[in-house]
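Understanding the architecture of this molecule
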Amino acid sequence: MKISKKLKDTIRFWYYMPKRLRLKNKNPTIFCINCVGGMIYHDLRLQFRSPTVNLFMSHNDFLCFLESIDYYLHCEIEQIHEEGIAYPVGLMRRGNESVKLHFVHFRTFEEAAEKWRNRCARVDLNNAFVIMEYAPIKEDDLLWKRFCALPFDNKAVLTGDTSFDHPDLVHIGMYNEPYENGRIFAIKPGTILHRWLDDFDYVSFFNRSGK
């Protein structure tokens, strides 16, 4: 039987109610490399207090953005065009460095840029949380070293790598299989409503802050 979107939304609303009741930190700024942050905001029924919603970046660009966060939160975005890409793409420049923003869930660049600016204004760097999804982390890799050096107290990498352990690593089994974009939102086999993303206790993660 096919379930309507309205019924699905109602089921999800009540399924995630216990998470919302557990949440003490009601206004986190979630910096995320892709749509994971937006989905968490949606399920917790929170205002989008971060510009990194409904878009994605490469791992390198995400780290560049966070390493110079004060600059990029006030940086102008220029539109660029890439062959074969139908959604808007933006670019922020800082000297020889640049950060590319794939506004995959926006219809126009103007809409995307406006939302980016509005959400930048809501950022609270004193209540910020960083989530990097599907990073091929290795303990001696530059990617991991750059992530560890980020100027944020609350960071998490969602990964399947179990070659080493660290408080910032969140091990999720789906990454041990060939990666599929968006699978983090799929229902975990053997469950009814539990998504792979729900293996990450993001409520406890946000409750680290007393806000």
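Preceding this section is the structure that the text describes.
This structure is a prediction, so every number in the text was calculated from the model and none was measured. (Residues numbered from 1 in each chain as written. Predicted model: local features only at pLDDT ≥ 70, side-chain atom pairs only at ≥ 80, totals over all residues. Heavy atoms only, no water.)

A word on the state of the cysteines
Each disulfide consists of a covalent bond between the sulfur atoms of two cysteine residues. What the rule picks out here adds up to zero disulfides. Here Cys 32 stays free of any disulfide, with the sulfur of Cys 35 as its closest cysteine sulfur at 8.4 Å. Assessed through its relative accessible area of 0%, Cys 32 is described here as buried. No disulfide involves Cys 64; its sulfur sits 12 Å from that of Cys 75, the nearest cysteine. (Disulfide = S-S within 2.5 Å. Buried < 20%, exposed > 50% of the residue type's maximum accessible area, 1.4 Å probe, protein only.)

Side note on the side chain of Thr 29
In this structure, Thr 29 sits in strand E1 (residues 29-32). Here the side chain of Thr 29 touches Arg 49 through a polar contact of 3.0 Å, landing on its backbone oxygen. There is a polar contact of 2.9 Å between the side chain of Thr 29 and the backbone nitrogen of Asp 124. Look past the residues within four positions of Thr 29 in its chain and what remains in contact with it is Tyr 41, Arg 49, Ser 50, Arg 122, Val 123, Asp 124, Asn 127, Ala 128 and Phe 129. (Helix = DSSP H or I, 4+ residues; strand = E, 2+ residues; numbered from the N terminus. Polar contact = N/O pair within 3.5 Å; in protein donor to acceptor, adjacent residues only side chain to side chain. Contact = heavy atoms within 4.5 Å.)

Re the packing of aromatic side chains
Within the structure shown, the criterion is met by 19 aromatic pairs. Measuring from centroid to centroid gives 5.8 Å for Phe 31 and Phe 65, while their planes differ by 80°, and the two rings are edge-to-face. Here the residue Phe 31 occupies a position in strand E1, and Phe 65 occupies one in helix H4 (residues 59-67), the gap between them amounting to 34 residues. We note that Phe 31, like Phe 65, is buried. Ring geometry for Tyr 41 versus Phe 48: centroids 5.4 Å apart, planes at 55°, classification tilted. Taking relative accessible area as the criterion, Tyr 41 reaches 0% and is therefore assigned buried. Every member of this aromatic cluster is reached through a ring pair, and the members are Phe 31, Phe 65, Tyr 71, Tyr 72, Trp 116 and Phe 152. (Phe/Tyr/Trp six-rings, centres within 6.5 Å; stacked < 30°, edge-to-face > 60°.)

A look at the pattern of salt bridges
Per the stated rule, a full pass over the model turns up eight salt bridges. Here Asp 201 and Arg 22 are joined by a salt bridge, their closest N and O atoms 3.0 Å apart. With a gap of 179 residues between them, Asp 201 in the loop between strand E7 (169-171) and helix H8 (202-206) and Arg 22 in helix H2 (residues 17-22) connect regions that are remote in the sequence. Of the residues examined, Asp 201 reaches a relative accessible area of 35% and is grouped as partly exposed. The partner of Arg 146 in a salt bridge is Glu 67, and the shortest N-O contact between them spans 2.9 Å. Remark: Glu 67 occurs in helix H4 and Arg 146 occurs in helix H7 (residues 142-148); sequence separation between them is 79 residues. (Salt bridge = Lys/Arg side-chain N within 4 Å of Asp/Glu carboxyl O.)

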